[in-house]
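# An overview of the molecular structure
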Amino acid sequence: MSMGATSLGQVRERHVGAMRLTCEILDHIARGISEEQAHELRDGPDGWSIVEIVCHLRDFDAIFRSRAQMMLSEDRPRLPAYDHEGMALERAYQQERLSSACQQLKASRRATIAFFASLTPEQWARDGVHPERDSFTMTDAVMQVGLHDLDHLEQITRILAG
């Protein structure tokens, strides 16, 4: 390995570390948002409110973790697909409080970080079949969490920028 080259293990560690930042960034953002704004400000006329986005992040954190757990316990499982729009309505995201959703996301994220941080090299080699992209490795799974976070943090800051 050349000087400055990053190992796959280091990439994975960085992605696990980045998961911690999402909740910290969200805390900083949420401090400046009233409960009313969290429910009224939306991503376009038919878009999600800020509270709905945070609830989505919370629920998908648990989904991402459960898919990764399936990859550990089954050989190349077909990972389930989820209807995120349907979940938002079925679980009444708009009725939730922003502060509660943020706390629940933090609790879920602690479990997700602990899960990925504890994987052995053999466990990192596990994979599954993702509903949208076929082959899906444990490295894909850890990267998906942070990239999904980033998409929605950008969405929240765009809503706030008006």
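Each remark here, short or long, concerns the structure printed above.
By size, the foremost hydrophobic cluster in this structure holds 42 residues, and its most contacted members are Leu26, Val54, Leu98, Phe116, Met138 and Ile156. Counting only elements with at least two residues in this core, the list comes to α1 (8-31), α3 (50-73), α4 (84-90), α5 (98-117) and α7 (138-161). With 12 residues, α3 is the single largest residue contributor to this core. Beyond its immediate chain neighbours, meaning those up to four positions away, Ile156 contacts Leu26, Ile29, Ile50, Ile53 and Val54.

Looking now at the pattern of salt bridges. Counting across every chain of the model gives 13 salt bridges. With a shortest N-O distance of 3.0 Å, Arg42 and Glu52 are connected by a salt bridge. Here Glu52 lies in helix α3 and Arg42 lies in the loop between α2 (35-40) and α3, a separation of 10 residues in the sequence. For Arg42, a relative accessible area of 33% puts it in the partly exposed group. A salt bridge links Arg91 to Asp59, with the shortest nitrogen-to-oxygen separation between them at 2.9 Å.

When we look at a pair of aromatic rings, we describe it by the centre distance and by the angle of the planes. Following the criterion strictly, the structure yields 4 aromatic pairs and no others. A ring pair is formed by Phe60 and Tyr82, whose centres lie 6.3 Å apart and whose planes are at 80°; its orientation type is edge-to-face. Note that Phe60 is positioned in helix α3 and Tyr82 in the loop between α3 and α4, a separation of 22 residues in sequence. Judged by relative accessible area, Tyr82 falls into the partly exposed class, the value being 34%. Through successive ring pairs, a cluster of aromatic residues spans Phe60, Phe64 and Tyr82.

Procedures and definitions
Residues numbered from 1 in each chain as written. Predicted model: local features only at pLDDT ≥ 70, side-chain atom pairs only at ≥ 80, totals over all residues. Heavy atoms only, no water. Core = buried A, V, L, I, M, F, W, Y, C linked by side-chain atoms within 4.5 Å. Buried < 20%, exposed > 50% of the residue type's maximum accessible area, 1.4 Å probe, protein only. Helix = DSSP H or I, 4+ residues; strand = E, 2+ residues; numbered from the N terminus. Contact = heavy atoms within 4.5 Å. Salt bridge = Lys/Arg side-chain N within 4 Å of Asp/Glu carboxyl O. Phe/Tyr/Trp six-rings, centres within 6.5 Å; stacked < 30°, edge-to-face > 60°.

Read these as geometric descriptors, not functional statements.
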